[in-house]
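Residue-level structural notes
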Amino acid sequence: MTTWAEQLRRSTSGTVYSRSETREAPGMDLYARPHATPAAILAARGISDVQAAIRVAREYQVPLSLRGGGHSAAAFAAADGGLMLDLSGLRDVRVDPLRRRARAGAGATWGDYDTATQRHGLASTGGIVSSTGVAGLTLGGGIGALRGLHGLAVDNLRAADVVLPDGSVTRADADHEPDLFWALRGGGGNFGVVTGLEFAIHPATEVTTGLLAWPLEQAQTVTAGYRARADELPDHTVADLVFGHDDHGEPAILIIPRVIGDAATAAPFIEHLRASAPPIDDTIATRAYTASQNFLDTAARWRQRVYWNTTTLHHLDENLVDILTAYVRSAPSLDSKINIEHFHGAVSRIDPASTAVGFRHAAYNVFVEAKWDDPGADADNRAWASELIQTLAPYSAGGAYVNYLPRDADQERIRAAYGPRTYERLRAIKTMYDPDNLLRANQNIPPER
Ligand SMILES: Cc1cc2nc3c(=O)[nH]c(=O)nc-3n(C[C@H](O)[C@H](O)[C@H](O)COP(=O)(O)OP(=O)(O)OC[C@H]3O[C@@H](n4cnc5c(N)ncnc54)[C@H](O)[C@@H]3O)c2cc1C
């Protein structure tokens, strides 16, 4: 074991896994196949372990990475030769139904969060796969089923407990450390190790949702029907499109509507979609909120080769539908998909300056999800996803969701994702809180020198 890992073992109550043990460490169970092997992993049990990891990383100049839910497709959780601070043990969720607040620990997943809040019939905007981490998703922005009613996950965040890169502990909210609180709402893991997140929670108990699928040849008809309603959808309804393949490997277009409410509430929109062309697959049903948040879990295979890329769009016209269908047909892997998330309602109404996210002005968020198994096909799959984003560049609405950016996104890309004003403000706050860039295994905003 390295000197610093021994030092860590002596100074923490958490479990320290050395390089030879990291393979077996629970923290290495990551959504994306790891790009690197950390030299050691500290499975934290509490705030003093977080402080010990920061101390050792500083003293021994060890690269530090943070693991919450382990869902980063860019696999930022595993810093090569460095120390992975595994926060997944800190997954307590406490709910105060009278104050309409919930507090999640740094390692809680959306499954943990939804289960706890649903005991009181309450929820807040969160990920639509139950194993995704609350912390990583929220710090980047957080797109979910409740976005039309309650905005992004960051719009529901009311406070965060943070261990700063100098080891001190603080709580950021609207009144205390307001700059830090603003930066945490979109600026990702750049500013500190978040140990707890407090959210506003709202009534939501059932969701009418599922998949509607059509053969890809019908993409123009289906998207025309979708477009006819998309801009006037009520806040309780959101709907995403998927260009990809069905369960039989046939090219397909899918719509995933999510209506917060019963079948009658959902009927006008769902019947309109069904009428645009008869779907070949239709799993729409009214589900309990927690069930609506995990029915896509089986599609999220772990430790696969993945490469994500992203852009935004003002509209989704026939020309763009032609481009997307052509890319589905040329995809090197049948597992790969192009997801289109639509924004309207609260997510679009909230003042863009109130948080650090740089994409809420767009009508559509494009999220290209390349997934494959063959190690020999890495270059082809990455090129497919990147070329699509280049092809869409002339149509981009600007900005991007940092949680969907690829690992190889350079500073120009990250700056463009936030927009210049937001990026410069984030950079000034980074310089204040993390002048040595201790937290750099992320979509990094480097401090000013
Ligand atoms: C199957 C799947 C479904 C998804 N669904 C959605 C979705 O519905 N909506 C959506 O918006 N996004 C979604 N995402 C994307 C998701 O927001 C990002 O992958 C996010 O990084 C996941 O957070 P995590 O904590 O699970 O990841 P991790 O890999 O554990 O962490 C990723 C990064 O987040 C930062 N971070 C994590 N924890 C902390 C902390 N405690 N303090 C400071 N920084 C921290 C660090 O920079 C870390 O490297 C999905 C991803 C996957 C794989």
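Residues numbered from 1 in each chain as written. Predicted model: local features only at pLDDT ≥ 70, side-chain atom pairs only at ≥ 80, totals over all residues. Heavy atoms only, no water.

**A short note on the site of the ligand**
The full set close to the ligand counts 34 residues, and G68, G70, I143, V194 and Y401 are the nearest of them. Within the contact set of the ligand, an oxygen atom lies 2.9 Å away from a backbone nitrogen or oxygen of G69. Look at the ligand: alone it shows 950 Å² of surface, and the protein chains cover 95% of it. Elements represented by at least two residues in the shell around the ligand include exactly β3 (64-67), α4 (134-140) and β10 (193-200). Per-element accounting of the shell around the ligand gives the leading share, four residues, to α4. Its residues assigned to classes, the shell around the ligand comprises 19 nonpolar, 14 polar and one charged. (Near = heavy atom within 4 Å. Polar contact = N/O pair within 3.5 Å; in protein donor to acceptor, adjacent residues only side chain to side chain. Areas by Shrake-Rupley, 256 points an atom, 1.4 Å probe, with all protein chains shown as cover. Helix = DSSP H or I, 4+ residues; strand = E, 2+ residues; numbered from the N terminus. Nonpolar A, V, L, I, M, F, W, Y, C, P; charged D, E, K, R; others polar.)

**Focus on the UniProt feature "domain: FAD-binding PCMH-type" (unreviewed entry) in the protein**
With numbering aligned to this structure, UniProt lists the feature "domain: FAD-binding PCMH-type" (unreviewed entry) at residues 34-204. This span, residues 34-204, is 26% helix and 26% strand, and a straight line between its end C-alpha atoms measures 36 Å. (UniProt positions renumbered as here; feature names shortened; annotations may be inferred.)

**What to know about the environment of D434**
Relative to the helices and strands, D434 resides in the segment after α15 (420-433). The class for D434 is buried, based on a relative accessible area of 0%. Those residues within four positions of D434 in sequence are excluded, and the remaining contacts are P165, N190, L439 and P447. (Buried < 20%, exposed > 50% of the residue type's maximum accessible area, 1.4 Å probe, protein only. Contact = heavy atoms within 4.5 Å.)

**Describing the sheet that holds strand β4 (residues 83-86)**
What the four strands build is an open sheet, ordered β1-β2-β4-β3; its pairing is mixed. The open sheet has two edge strands, β1 (15-18) and β3, and neither has a second partner. Along the sheet, successive strands turn relative to each other by an average axial angle of 20°, direction set aside. Across four bridges, the pairing between strand β2 (residues 40-43) and β4 is parallel. Paired with L42 across the strands is L85, a residue of β4. (Pairing = 2+ DSSP bridges. Axes fitted to C-alpha atoms, helices over the stretch in contact; angles between N-to-C directions.)

**Some details on the nonpolar core**
Counting residues in each nonpolar core, the largest one holds 59 residues, and the members touching the most others are Y113, V134, L180, L184, F191, L197 and L426. With five residues, the single largest contributor to this core is helix α7 (residues 178-184). One finds Y226, I270, A277 and A377 within the second-largest nonpolar core, a separate group that totals 44 residues. (Core = buried A, V, L, I, M, F, W, Y, C linked by side-chain atoms within 4.5 Å.)

**Some words on the side chain of T138**
Along the polypeptide, T138 turns up in helix α4. With residues up to four places along the chain from it excluded, the contact list for T138 reads W110, A153, V154, L157, L197 and F199.

**Overview of the domain arrangement of the protein**
Each assigned domain of the protein is listed with its residue range as follows: domain 1 (3-86), domain 2 (93-204) and domain 3 (206-404). Here the C-alpha centre of domain 3 lies 34 Å away from the C-alpha centre of domain 1. Listed by partner, the interface residues are 13 residues for domain 1 and eleven residues for domain 3. Regarding the contact of domain 1 and domain 3, the summed buried area is about 1000 Å², with carbon and sulfur atoms giving 54% of it. The tally of links from domain 1 across to domain 3 stands at five residue pairs in polar contact (both at pLDDT 80 or more). Here the side of domain 1 that touches domain 3 is built from residues that sort into six nonpolar, four polar and three charged. (Domains from an automatic or database assignment. Buried area = accessible area lost by both parts, 1.4 Å probe.)

**Concerning the packing of helix α1 (residues 3-11) against helix α2 (residues 47-59)**
In a packed pair of helices, the relevant descriptors are the angle between the two axes and the axis-to-axis distance. Where α1 contacts α2, the two axes come as close as 10 Å, and the packing angle between them is 155°. The orientation of α1 with respect to α2, classified from their angle, is roughly antiparallel. Where α1 crosses over α2, the handedness of that crossing is right-handed. For the pair formed by α1 and α2, the contact residues are W4, Q7, L8 and S11 on the first element and A52, A53 and V56 on the second. (Parallel < 35°, antiparallel > 145°, perpendicular 65-115°, else oblique. Left-handed = near helix turned anticlockwise from the far one by under 90°.)

**Looking at the pattern of salt bridges**
Considering all chains together, one arrives at 25 salt bridges under this definition. Put simply, D96 and R99 hold a salt bridge, and the shortest N to O gap is 3.9 Å. Note that D155 and R360 form a salt bridge whose closest N and O atoms lie 2.8 Å from each other. Of this pair, D155 sits in helix α6 (residues 153-156) while R360 sits in the loop between α12 (346-349) and β20 (364-372), and the two are 205 residues apart along the sequence. Side by side, D155 and R360 carry an identical accessibility label, which is buried. (Salt bridge = Lys/Arg side-chain N within 4 Å of Asp/Glu carboxyl O.)

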